[in-house]
Amino acid sequence: MATGYVVRPNRYFDSVFLMGVNQRLARVEGVRQTAVLMASEQNKRLLSEIGVDGADIRAADADDLVVAVVAEDPAIVSSVLAGLDEALTTAMSVTATSDLHTLEDGLRAKPSANMALLTIPGGFVYPEARKALEAGLDLFVFSSNVPVEDERRLKELARDRHRLVMGPDCGTSIVNGVGLGFANAVRRGTIGAIGPSGTGLQEFTCLVHHAGLGISHAIGTGSHDLSDEVGGITSLMALDKLEADPRTEVIAIIAKPAGPATRARLVERLEACGKPVVACVLGSTAPGSAGGKIVWAKTIDAAAEAAVRLRGNRETPAATKPLPALPSTAQIRATWTPSQKNMRGLFAGGTLCYQSQQILREAGMVVHSNAPLDPADLLGPYEVSRGHTLIDMGDEFHTLGRLHPMIDGSLRRQRIVAESVDPSVGILLLDFILGRNASPSPVGDVLDAVVEGQRARSKSDGRLTVIASICGTEDDPQDLKQQEDLLRQAGVLVFHSNARATSFCLELLSGDEGGGDGPEGG
Amino acid sequence: MDPKADNALDHPLVVVNLGLKGFAESLERQGVEVVQVDWIPPAGGDAEMQELLDELL
């Protein structure tokens, strides 16, 4: 195997542009792997892991471009690297460029700006975000890998200046009816939401929409906001804002586990809230506020249902409606062999992966994961799945130098096939998250892998049951119905909520005939 | 804090988008006033040095 690379100093490009160049270079026959990256410390470590290292890479900075190629033949490496400039020029020609390159340029061009949206590398966020706050702007910071100390300092400054910092690592917000990040196209209404969980907020807002109601604001706080290091600064400020907001009648908070001190402060604040409050804090044991005014929900769909009920609407979310007759668990299990005892889950949504683990563990199952609830169940980055395994495909390992699986399904495709051919597997659980800035067809990205995986199974290995949750609305750019139809045509059982999909997996694995609810029919 | 302090929850959004152009396009499609900044790192790409300079200036 031959390896080669070039370093181009002071050529900064954003990650989407680099992915485009990468895809162009990777198409060349005989190329095993390509990496087109800015030379951040993290990316340099990644390059070293794939065997690309050198003094000029080690000396490079985050605004230097590195292009590495691994191929079967040194001549192919040379040829690809020789064609780099052409690939860059072609990619640049289809990317209209702006003459504005700094925050200050942007503020001069748009002096009335009241929000800055940041998708720049995490190591550069602090100085830019601070300048934006000092200029009186609110912030939506999509960037991840921002040091938690930077986050705390930014949020303290924001609090002093009455500004909101949504993020860092904030996937979704809906402000004044405007969707930021991956937000789904939901109608406006009277239910306000707050949450460090991007996909959790997406599922919550979509289920409220399916129930016929709408969202006043949904404020993403960033995934670390409820850590004790940050202290929930944005969550508490968002709560103040929604409590004072005349449009908002019910407030819901959707969260993964919080730091103990922050959780206590948050619960105290929620109890004092002057509006009805629903709280879903995944990973929490029984809430310690029995008798309090907070309505606690164990799952995201239960939170949506509770919020809708508090709003006084008799309609229940689609996820909990009685469902059309479908194959019973016995009928499905009849297509399995006795050795099909395991389920595998491959998730684009980290919170959904977390929630599925919680549901399965509460039923007594041991679940392995790269993002486990119990560290003892950790599955290392290079380990193959064993027993019941749920993988968060959006974790740091899987997204290093790559786009998030909500934007690019290529890594999930490979793993879908690998899991599908394991004869011990009965169920493959997937999530599909529609929304702005997500892949134009999250289902289309991986569907051929689902079909290929089913076909590749030996007949004596039994049939693989593929179950999916899909989060989105009919107004999303991807068209919910069309995406659902694609899944159903491939024999996939479709749910609108991750918790319902996971509970159905549980019924199948336990052979439980109870319930009678099946997946949602079209 | 004063929850009534003006912020983007109370007014139509006007956005400066630093980074991925798709995010600005998504806002434009929703009728939001937005300016795209093709952000580049400060000279040398050294975030710590830039922060020090910002503190000094």
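See the structure printed just above.
Residues numbered from 1 in each chain as written. Chains lettered and ligands numbered in written order. Predicted model: local features only at pLDDT ≥ 70, side-chain atom pairs only at ≥ 80, totals over all residues. Heavy atoms only, no water.

Student: Which residues make up unusual backbone geometry, and what values do they have?
Tutor: Residues and elements named next belong to chain A. For the bond running from Gly167 to Pro168, omega is 0°, close enough to zero to count as cis. Tracing the backbone through its elements, the reader meets Pro168 in the loop between β6 (165-166) and β7 (172-175). Although it is not a glycine, Asn145 adopts a positive phi angle of roughly 60°. Inspection of the secondary structure assignment puts Asn145 in the loop between β5 (138-141) and α8 (148-160). Residue Asp479 is not a glycine yet carries a positive backbone phi of 65°. (Helix = DSSP H or I, 4+ residues; strand = E, 2+ residues; numbered from the N terminus.)

Student: So what's going on with the interface of chain B and chain A? Which residues, and what values?
Tutor: Contacts between chain B and chain A engage 45 residues on the former and 57 residues on the latter. Buried surface at the junction of chain B and chain A, summed over both partners, amounts to about 4,600 Å²; 61% is from carbon and sulfur atoms. At the junction of chain B and chain A, the tally comes to 1 salt bridge. Lys110(A) is the partner of Glu33(B) in a salt bridge, and the nearest nitrogen-oxygen pair spans 3.3 Å. The set of elements that each furnish at least two residues to the side of chain B that touches chain A consists of β1 (14-18), α1 (21-29), β2 (33-37) and α2 (47-56) of chain B. Of the residues belonging to the side of chain B that touches chain A, the class tally is 24 nonpolar, 10 polar and 11 charged. (Contact = heavy atoms within 4.5 Å. Buried area = accessible area lost by both parts, 1.4 Å probe. Salt bridge = Lys/Arg side-chain N within 4 Å of Asp/Glu carboxyl O. Nonpolar A, V, L, I, M, F, W, Y, C, P; charged D, E, K, R; others polar.)

Student: Talk me through helix α9 (residues 198-210) of chain A; I want residue IDs and the actual numbers.
Tutor: All names here are of chain A. In this model α9 runs 18 Å from its N-terminal to its C-terminal C-alpha over 13 residues, within 8% of the 18 Å that 1.5 Å per residue would give. By the criterion of burial, α9 is predominantly enclosed, with 13 of the 13 residues buried. At the N-terminal boundary of α9, the capping side chain belongs to Ser197, with an oxygen 2.8 Å from the backbone nitrogen of Gly200. Directly after α9, the chain includes Gly212, whose backbone phi takes a positive value near 95°. (Expected span 1.5 Å × (residues − 1). Buried < 20%, exposed > 50% of the residue type's maximum accessible area, 1.4 Å probe, protein only. Polar contact = N/O pair within 3.5 Å; in protein donor to acceptor, adjacent residues only side chain to side chain.)

Student: Lay out the nonpolar core in plain terms, naming residues and giving numbers.
Tutor: Ranked by internal contacts, the top residues of the largest apolar core, which has 97 residues, are Leu180(A), Ile191(A), Phe204(A), Met343(A) and Ile467(A). If one sorts the elements of this core by residue count, helix α19 (residues 498-510) of chain A sits on top with 7 residues. Those residues within four positions of Leu180(A) in sequence are excluded, and the remaining contacts are Met115(A), Leu117(A), Phe140(A), Met166(A), Gly171(A), Thr172(A), Ser173(A), Val175(A), Leu13(B) and Leu27(B). Counting 48 residues, the second-largest nonpolar core is a separate cluster that includes Val67(A), Val69(A), Ala129(A) and Val35(B). (Core = buried A, V, L, I, M, F, W, Y, C linked by side-chain atoms within 4.5 Å.)

Student: Any chance you could break down the pattern of salt bridges for me, citing the residues and the numbers?
Tutor: Should their charged atoms come close, side chains of opposite charge can pair. Residue and element names in this part refer to chain A. Evaluated as defined, the whole model comprises 30 salt bridges over all chains. For the salt bridge of Arg488 with Glu484, the shortest nitrogen-to-oxygen distance reads 3.2 Å. Linking Arg488 with Glu484, this pair stays in helix α18 (residues 480-489), spanning 4 residues, or about one helical turn. Among the residues examined, Arg488 registers a relative accessible area of 23% and is labelled partly exposed. Overall, the relative accessible area of 8% leaves Glu484 in the buried class. One connected set of salt bridges, linked through shared partners, spans Arg344, Arg415, Glu419 and Asp422.

Student: Give a description of the pairing of strand β11 (residues 250-255) of chain A that names residues and reports values.
Tutor: Residue and element names in this part refer to chain A. Within β11, 6 of the 6 residues are buried, leaving the element largely enclosed by the surrounding structure. The alternating pattern of β11 places Val250, Ala252 and Ile254 and Ile251, Ile253 and Ala255 on opposite faces, both of which are buried. Pairing between strand β9 (residues 188-195) and β11: 4 bridges, direction parallel. Of the residues in β11, the one forming a bridge with Ile194 is Ile253. Read from β11 through helix α11 (residues 260-271) to strand β12 (residues 277-281), the crossover connection turns out right-handed. (Pairing = 2+ DSSP bridges. Right-handed = clockwise from strand over helix to strand, strands pointing away.)

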